[in-house]
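Residues per chain, in single letters:
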Amino acid sequence: KAAPHHLQQKKQEGEVSQTLLQQLQSENSALRRENAMLHDRAETNERLLRQLAEKLQVYEDQRSVDMEFMSERRDEILLSISEEDDKKNGVERDDEKDAEKDD
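What comes next concerns the included structure. (Residues numbered from 1 in each chain as written. Predicted model: local features only at pLDDT ≥ 70, side-chain atom pairs only at ≥ 80, totals over all residues. Heavy atoms only, no water.)

**Regarding the overall build of the chain**
Then step 1. Helix and strand counts for the chain come out as 2 helices and 0 strands.
Then step 2. Burial statistics for the chain: of 103 residues in total, 1% are counted as buried.
Then step 3. For the chain, the accessible surface area stands at approximately 9,800 Å², while carbon and sulfur atoms represent 52% of it. (Helix = DSSP H or I, 4+ residues; strand = E, 2+ residues; numbered from the N terminus. Buried < 20%, exposed > 50% of the residue type's maximum accessible area, 1.4 Å probe, protein only. Areas by Shrake-Rupley, 256 points an atom, 1.4 Å probe, with all protein chains shown as cover.)

Laid out in structure tokens, this is it:
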């Protein structure tokens, strides 16, 4: 004898509920995996960003040192050129006069 209609309907509803539950559990697992992957990627990106900032700081520090060196070297060259011009033109510099006065 066939089961009453309301029992068949309840059985079908139970099967549908079970299928939906399995789908939700599967989606939940997939989302958890994706979340873990995104978390790992965020940590990697944070580490790489920190390394990049450190390298940029080293670059900026080196550039600053290079600029200071180049500025000092430029001043030395300009002074040397100026002194050579003065010698060619027979001009005594103030610091040379001061040195002669000390003697």
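**Side note on helix H1 (residues 5–89)**
Then step 1. Relative to the 126 Å expected for 85 residues at 1.5 Å per residue, H1 spans 121 Å between its end C-alpha atoms, a close match to the ideal helical length.
Then step 2. Looking at the residues trailing H1, positive phi occurs at Gly90, about 70°. (Expected span 1.5 Å × (residues − 1).)

**Looking at the pattern of salt bridges**
Then step 1. In this structure the tally under the stated criterion is 4 salt bridges.
Then step 2. With a shortest N-O distance of 3.4 Å, Arg50 and Glu46 are connected by a salt bridge. Of this pair, Arg50 and Glu46 both sit in helix H1, 4 residues apart, roughly one helical turn.
Then step 3. Judged by relative accessible area, which is 45%, Arg50 ranks as partly exposed.
Then step 4. In this structure, the salt-bridge partner of Arg74 is Asp75, at a minimum N-O distance of 3.6 Å. (Salt bridge = Lys/Arg side-chain N within 4 Å of Asp/Glu carboxyl O.)

**Structural notes on a nonpolar patch on the surface**
Then step 1. Taken together, Leu49, Leu52 and Leu56 make up a surface patch of nonpolar side chains, about 300 Å² in accessible area.
Then step 2. Among the structural elements, Leu56 can be located in helix H1. (Patch = residues over 30% accessible without salt bridge, like charges linked within 9 Å, V, L, I, M, F, W, Y side chains within 5 Å.)

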